[in-house]
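Below are the chains, spelled out letter by letter.
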Amino acid sequence: MTTYEILTSPGNTSAVQRFTDPTTWGTFGAQWHSGEQKNLQCCAVRQETHDVRTFIFRCADFSALGFEPGQFITIAPVIGGQTIARCYTLSSSPTRPFAFSITVKRVPGGAVSNWLHDHLKPGDSLKASGPAGSFTPVGHPATKLLYLSAGSGVTPLMSMTRAACDMAGNLDIVFVHSARTPTDIIFHAELTRMQAAMPGLRVISICEGLGDTAQWQQPIGRLDLSLLSQQVPDYKEREIFTCGPQGYMEAVKSLLREAAFDFAHYHQESFDITALNEEPLVEQAATLNQQDVFTVTLSRSGKTFSMPGNQTVLAAAKKAGAIVPSSCSQGVCGTCKTALLQGTVEMNHNGGIRQREIDKGLRLLCCSKPTSDLVLDL
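Computed from a prediction, not measured in an experiment: that's the story for all the values here.

Undergrad: Please clarify how the sheet that holds strand S3 (residues 52-59) should be interpreted in this entry.
TA: Hydrogen bonds between backbone groups are what pair the strands of a sheet, and the pairing can be parallel or antiparallel. Taken together, the 6 strands give an open sheet; going across it, the order is S8-S5-S10-S2-S3-S9, and neighbouring strands pair in antiparallel fashion. Each edge of the open sheet carries a strand with a single partner, namely strand S8 (86-89) and strand S9 (100-105). Across the sheet, the axes of successive neighbouring strands diverge by a mean angle of 40 degrees, strand direction being ignored. The pairing of strand S5 (residues 72-76) with strand S10 (residues 125-132) spans 4 bridges and is classified as antiparallel. Note on S10: the bridge partner recorded for Ala76 is Lys127.

Undergrad: Would you mind going over the sheet that holds strand S17 (residues 304-308) with me for this structure?
TA: On the basis of which strands lie adjacent, the open sheet formed by 5 strands has the order S17-S16-S22-S18-S20 and mixed pairing. The open sheet is flanked by S17 and strand S20 (362-364), the only strands paired with a single partner. Along the sheet, successive strands turn relative to each other by an average axial angle of 40 degrees, direction set aside. In this structure, strand S18 (residues 337-342) lies alongside S20, joined through 3 bridges in antiparallel fashion.

Undergrad: It is not clear to me how the pattern of salt bridges should be interpreted in this structure. Could you clarify?
TA: Once the charged atoms of two side chains with opposite charge are near each other, the side chains can pair. Under the defined criterion, the tally for this structure stands at 18 salt bridges. Here Asp118 and Arg106 are joined by a salt bridge, their closest N and O atoms 2.8 Å apart. Here Asp118, found in helix H4 (residues 111-119), pairs with Arg106, found in the loop between S9 and H4; they are 12 residues apart in sequence, far enough to count as distant. The exposure class of Arg106 is partly exposed, given its relative accessible area of 28%. What emerges from the salt-bridge pattern is a single network uniting Lys144, Asp172, Asp234, Glu237 and Arg238.

Undergrad: Hey, could you run me through H4 in this one?
TA: Residues lying three or four places apart along an α-helix face the same way, a consequence of the helix completing one turn every 3.6 residues. Within H4, burial applies to Val112, Ser113, Asn114, Trp115, Leu116 and His117. Where H4 is buried, its residues meet S3, S5, strand S6 (78-79), S8, S9 and S10.

Undergrad: Sorry, what's going on with the nonpolar core here?
TA: Among the nonpolar cores identified, the biggest contains 28 residues, and Phe19, Leu145, Tyr147, Ile173 and Phe175 are the most heavily contacted of them. At the level of elements, helix H2 (14-19), strand S11 (144-150), helix H5 (154-166), strand S12 (172-179), helix H6 (188-197), strand S13 (201-207) and strand S14 (239-243) are the ones that each hand at least two residues to this core. A per-element tally of this core places H5 first, with 6 residues. If you look at the next biggest cluster of nonpolar residues, it comprises 25 residues, including Val313, Val324, Leu340 and Cys367.

Undergrad: Explanation requested: the pairing of S11 in the structure shown.
TA: Two faces make up the sheet, and in a regular strand the side chains alternate between them. Burial of S11 is extensive: 7 of the 7 residues sit out of reach of the surface. With burial as the criterion, each face of S11 is covered, one bearing Lys144, Leu146, Leu148 and Ala150 and the other bearing Leu145, Tyr147 and Ser149. With 7 bridges connecting them, S11 and S12 associate as parallel partners. Of the residues in S12, the one forming a bridge with Tyr147 is Phe175. Traced from S11 through H5 to S12, the parallel crossover comes out right-handed. Both S11 and S14 contribute to a ladder of 5 bridges, which runs parallel. Looking across to S14, one finds that Leu148 is bridged to Thr242.

Undergrad: Before we go on, may I ask you to explain the environment of Asn114 in this structure?
TA: Note that Asn114 resides in helix H4. Sequence separation of Asn114 and Val104 is 10 residues, and the distance between their C-alpha atoms is 9.3 Å. Filtering out sequence-adjacent residues up to four positions away, Asn114 remains in contact with Arg106, Val107, Pro108 and Gly109. At 2.7 Å, the side chain of Asn114 forms a polar contact with the backbone oxygen of Val107.

Undergrad: So what exactly am I meant to see when it comes to the packing of aromatic side chains here?
TA: Given two aromatic rings, one states the distance between the centres and the angle between the planes to describe the pair. All chains considered together, the criterion is met by 5 aromatic pairs. A centroid spacing of 5.8 Å and a plane angle of 85 degrees characterise the contact between Tyr147 and Phe175, whose relative ring orientation is edge-to-face. Within this pair, whereas Tyr147 is found in strand S11, its partner Phe175 is found in strand S12, the two being separated by 28 residues in sequence. A relative accessible area of 0% places Tyr147 in the buried class. For Phe175, a relative accessible area of 0% puts it in the buried group. Ring pairing ties together the aromatic residues Phe135, Tyr147, Phe175 and Phe241, which thus form one cluster. The positively charged end of Arg162 is found above the aromatic ring belonging to Phe187, 4.8 Å away from the centroid.

What counts and how
Residues numbered from 1 in each chain as written. Predicted model: local features only at pLDDT ≥ 70, side-chain atom pairs only at ≥ 80, totals over all residues. Heavy atoms only, no water. Pairing = 2+ DSSP bridges. Helix = DSSP H or I, 4+ residues; strand = E, 2+ residues; numbered from the N terminus. Axes fitted to C-alpha atoms, helices over the stretch in contact; angles between N-to-C directions. Salt bridge = Lys/Arg side-chain N within 4 Å of Asp/Glu carboxyl O. Buried < 20%, exposed > 50% of the residue type's maximum accessible area, 1.4 Å probe, protein only. Contact = heavy atoms within 4.5 Å. Core = buried A, V, L, I, M, F, W, Y, C linked by side-chain atoms within 4.5 Å. Right-handed = clockwise from strand over helix to strand, strands pointing away. Polar contact = N/O pair within 3.5 Å; in protein donor to acceptor, adjacent residues only side chain to side chain. Phe/Tyr/Trp six-rings, centres within 6.5 Å; stacked < 30°, edge-to-face > 60°. Lys NZ or Arg CZ within 6 Å of the ring centre and 35° of its normal.

Here's what the structure looks like:
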């Protein structure tokens with residue numbers, strides 16, 4: 001196969017080009033529009049740590065799933081008679097498109113994470129939409145990468161690492177993961193095996209304490225500039241990808257500012273997953289003059305409704321009874337991405353849509369306000 005031969009040729013820079021080229025990932029499986037819902041079947045459940053499980057799915061129609069490493073899907077289980085949507089990163093590699101996985105930490109009081117841990121089992125089905133998200137190495141060519149993660153923030157970086165390993169990408173990757181104790185390190189055994197098999201991969205685990213582990217050879221404490229400089233002295237030469245709790249990501253940004261790092265080469269998951277999943281933004285009612293009211297037509301259903309210009313299209317559509325897949329309501333997850341067939345909107349998103357998608361006429365309804373009458377592909 002030509003792709004394999006190119007990727008494994010020593011010193012061939014096309015490996016990096018393919019790893020960061022969006023067209024690469026479209027070849028592995030059918031592209032699944034972020035606004036389209038599919039039926040997924042759970043194939044297996046794997047215990048990673050005492051409070052983290054991986055759920056492996058396949059499409060009910062056995063189709064392949066095309067996505068970019070680091071992207072997420074939005075699952076929509078029915079819990080207590082109510083459909084609740086949540087975003088979860090795909091932890092698997094897009095190079096294996098017929099079975100894909102999410103890795104979920106049990107969150108105290110979290111409706112969906114606890115339901116998944118307590119109820120989802122092989123053979124069960126649920127609906128999901130996606131993939132979406134711009135936290136991915138695609139579009140950022142670099143031979144030297146630094147992955148910084150904490151807790152369940154390891155999942156998108158694990159997808160990237162698995163993809164690089166499967167593609168024999170000839171990349172120099174340093175993967176620094178922070179955890180409470182050695183037994184809390186997600187994917188620890190697999191990362192150890194991958195490091196042994198992949199010459200360009202170096203894995204560093206930092207634990208706050210030993211817990212019940214008597215023998216531990218890697219750093220104890222928290223990541224700081226001194227530790228980073230010691231463990232990864234060439235970090236300023238690397239493209240950095242960071243994911244973890246909000247406090248962790250702020251601490252990483254602070255230490256990199258102190259080091260005068262060039263943030264043009266810094267990327268992080270752009271929202272606190274836990275906060276958004278448990279506390280969705282509530283849309284506020286709007287009252288406007290008659291001249292600020294617009295008509296919205298849904299082309300597929302034929303439904304028509306009026307809405308004020310200072311309300312989001314998503315909020316107005318749901319109020320009118322339209323079924324629109326959505327999750328974060330903050331322009332991040334991409335779930336409500338919809339084609340705008342006619343009209344104009346003012347859209348202020350937070351990374352949930354790409355320029356090439358905007359150029360094709362797609363808009364995020366949760367952060368779009370009408371500036372004219374609209375026709376939507378719904």
